[in-house]
Amino acid sequence: MSVQTERTDTGTAAAPGVRKTDVTPPGDKGPARRRGGTSAPYLLLLPALLVTVILLGWPLIKNGMLSFQNLNPRQLILHLTEWRGFDNYTDVLSSSDFWKVVQRTVVFTAVNVVLTMVFGTLVGLLLARLGKRMRLVLLLGVVLAWAMPVIAATTVYQWLFAQRFGVVNWLLAKAGWTSMADYNWFGTQLSTFSVITLLIVWQSIPFVAINLYAATTTIPKELYEAASIDGAGMWKSFTSVTFPFIRPFLWATTFLEVIWIFKAFPQIFAMNKGGPDRLTETLPIYAFVEGPGNQHYGMGAAISFLTILILLGLTAYYLRTVLKQEEDEL
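Residues numbered from 1 in each chain as written. Predicted model: local features only at pLDDT ≥ 70, side-chain atom pairs only at ≥ 80, totals over all residues. Heavy atoms only, no water.

Caption draft 1: Focus on the overall build of the chain. Of regular secondary structure, the chain possesses 13 helices and zero strands. When the helices and strands of the chain are read in sequence order from the N terminus, they spell out α-α-α-α-α-α-α-α-α-α-α-α-α. Residues classed as buried in the chain amount to 31% of the 330 residues present. A separation threshold of at least 6 residues defines the contact pool for the chain, and within that pool the share at least 24 residues apart is 63%. As displayed, the chain has an accessible area near 21,300 Å², and 68% of this comes from carbon and sulfur atoms. (Helix = DSSP H or I, 4+ residues; strand = E, 2+ residues; numbered from the N terminus. Buried < 20%, exposed > 50% of the residue type's maximum accessible area, 1.4 Å probe, protein only. Contact = heavy atoms within 4.5 Å. Areas by Shrake-Rupley, 256 points an atom, 1.4 Å probe, with all protein chains shown as cover.)

Caption draft 2: Spatial organisation of the layout of surface pockets. Roughly 550 Å³ of volume is contained in the largest pocket. A128, R129, T216, Y224 and T242 are, among the 15 residues lining the largest pocket, the residues nearest its centre. Going through the elements one at a time, α4 (96-129), α8 (189-216), α9 (221-229) and α10 (234-262) are the ones with two or more residues in the lining of the largest pocket. The dominant element in the lining of the largest pocket, judged by the number of residues it contributes, is α10, at five residues. Among the residues forming the lining of the largest pocket, the class breakdown is eight nonpolar, four polar and three charged. Approximately 290 Å³ is the volume found for the second largest pocket. For the second largest pocket, the lining is made up of 17 residues, of which N63, P284, A287, G300 and S304 are closest to its centre. Listing elements by their share of the lining of the second largest pocket, those giving two or more residues are α1 (31-66), α12 (283-293) and α13 (297-329). (1 Å grid on protein atoms, 1.4 Å probe; cavity = no way out; pocket = protein on both sides within 12 Å on 5 of 7 lines; lining within 4 Å. Points joined across faces, edges and corners; volume = space filled by probe spheres on them. Nonpolar A, V, L, I, M, F, W, Y, C, P; charged D, E, K, R; others polar.)

Caption draft 3: Fine view of the pattern of salt bridges. Overall, the coordinates contain four salt bridges when judged by the stated rule. Between R278 and E281 there is a salt bridge, with its nearest N and O atoms 2.6 Å apart. Among the ionic pairs, R278 bridges to E290, the shortest N-O distance being 2.9 Å. Of this pair, R278 sits in the loop between α11 (266-272) and α12 while E290 sits in helix α12, and the two are 12 residues apart along the sequence. (Salt bridge = Lys/Arg side-chain N within 4 Å of Asp/Glu carboxyl O.)

Caption draft 4: Geometry of the nonpolar core. Residues F108, F161, W185, V195 and M271 are the most contacted members of the largest nonpolar core, which totals 29 residues. Every element with two or more residues in this core is listed here: α4, α6 (150-160), α8, α10, α11 and α12. Of all the elements, α8 adds the most residues to this core, at eight residues. Apart from residues lying up to four places away in sequence, V195 is in contact with Y157, F161, W185, F186 and M271. Formed by 14 residues, the second largest nonpolar core is a distinct cluster that contains L283, M299, I303 and L311. (Core = buried A, V, L, I, M, F, W, Y, C linked by side-chain atoms within 4.5 Å.)

Caption draft 5: Just the packing of aromatic side chains, in detail. Taken as a whole and assessed by the stated rule, the structure comprises 16 aromatic pairs. Relative to F269, the ring of F265 lies with its centre 5.3 Å away and its plane at 15°, an arrangement referred to as stacked. Judged by relative accessible area, F269 falls into the partly exposed class, the value being 23%. Site record: aromatic cluster; members linked through ring pairs are Y157, F161, Y183, W185 and W202. Its guanidinium or amino end placed over the ring of F269, K273 lies 5.9 Å from that ring's centre, counting from NZ or CZ. (Phe/Tyr/Trp six-rings, centres within 6.5 Å; stacked < 30°, edge-to-face > 60°. Lys NZ or Arg CZ within 6 Å of the ring centre and 35° of its normal.)

Caption draft 6: Representation of the packing of α4 against helix α5 (residues 132-147) within the structure. Interaxial distance between α4 and α5 falls to 9 Å at its minimum, and their mutual angle equals 150°. Judged by the angle between their axes, α4 and α5 are roughly antiparallel. Remark: the crossing between α4 and α5 carries left-handed chirality. Counting all contacts with α4, which are made through V123, L126, L127 and A128, the residues of α5 involved are R135, L138, L139 and V142. Class assignment of the residues belonging to the contact of α4 with α5 gives a composition of seven nonpolar, no polar and one charged. (Axes fitted to C-alpha atoms, helices over the stretch in contact; angles between N-to-C directions. Parallel < 35°, antiparallel > 145°, perpendicular 65-115°, else oblique. Left-handed = near helix turned anticlockwise from the far one by under 90°.)

Caption draft 7: Structural context of the side chain of Q267. Considering the arrangement of structural elements, one finds Q267 in helix α11. Q267 sits in the buried class, given a relative accessible area of 2%. A polar contact of 3.1 Å, which involves the side chain of Q267, links it to the side chain of Q203. Excluding residues within four positions of it along the chain, Q267 makes contact with V150, T154, L199, I200, Q203 and W260. (Polar contact = N/O pair within 3.5 Å; in protein donor to acceptor, adjacent residues only side chain to side chain.)

Caption draft 8: Molecular detail of unusual backbone geometry. A cis amide bond links G275 to the next residue, P276, at an omega of 5°. Looking at the element boundaries, P276 is found in the loop between α11 and α12. Positive phi outside glycine occurs at D277, with the angle close to 55°. Among the structural elements, D277 can be located in the loop between α11 and α12.

Caption draft 9: A look at a nonpolar patch on the surface. On the surface, V107, V111, V114, L115, V118, F119 and L122 cluster together into a nonpolar patch covering about 590 Å² of accessible area. Judged by its relative accessible area of 31%, L115 falls in the partly exposed class. (Patch = residues over 30% accessible without salt bridge, like charges linked within 9 Å, V, L, I, M, F, W, Y side chains within 5 Å.)

Caption draft 10: View of the packing of α6 against α8. Contact pair α6 / α8: the axes reach a minimum separation of 11 Å and the direction vectors enclose 135°. Taken together, α6 and α8 sit at an angle that is classed as oblique. Considering how the two elements wind past one another, α6 and α8 form a crossing that is right-handed. Contacts from V150, A153, T154 and Y157 of α6 reach α8 at V195, L198, L199, W202 and Q203. Residue composition of the contact of α6 with α8, grouped by class: seven nonpolar, two polar and no charged.

These results come straight from atomic positions and should not be treated as a statement about function.
The following block contains the structure:
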């Protein structure tokens, strides 16, 4: 009477009562190896996290400590450390100028973001519909505008809108608006903000356009063919096919533009230093003028820290909206 034994995958006889699942395959080091494999991504991220902590985290901590101090030229010369507690924050939050600047910054950011997203989306959709040659020409122009250094672009705009020898005033005068021949674009709040907005939108459109053009390349052509068979026109194809695909890109790009424009500093400061009469100061300019400008470094640190908190609030709102949108889609 012969006895048949259960065999494992390696061809060896299994012991009675031992199931196949109880045998560890050769080369498998068990749960310890799997745990090591799951930690590998975190180990790879560790150098980048360390650099981020050193370059961003430590200055943020120092700025936070500075915001609780009374640091003026006297304290710098005598190497004194005078702690004020929350007095810097109390003075800032109780100042009507601070809230005017906050309101101005929010309106300025909203106007620039809306204009950037509208024109950037139109340019991105245009790139998707052009032929190869024209698309290459437009892409080159867009990339060159994007690659121009901020201060260089600001200087060019100062020349364009100069009061006496500016090209814009000369063109307007030639077109019949003779009163614009010597118009001072940096003499009022509205005209100064108009020039700054034109500059920032011009610099921001390339990023939005290239992102959205890249998003349109992921849309299957079969969907457009099916939409055309169903009788959908250009607008219907956009709302039913294009927009659902590029909506995540729109959300992400809008959020990045809000952060970038909200903290815009060199364009505003180099253009007119927040003038005239400090009427074009946004929060970054206000923090610089009240801090290093007036040599009240603790006050400037408090304003900058409040600016960071506002940006963190915007970030939290964005992440909450994105997560809610993902839950709705599921």
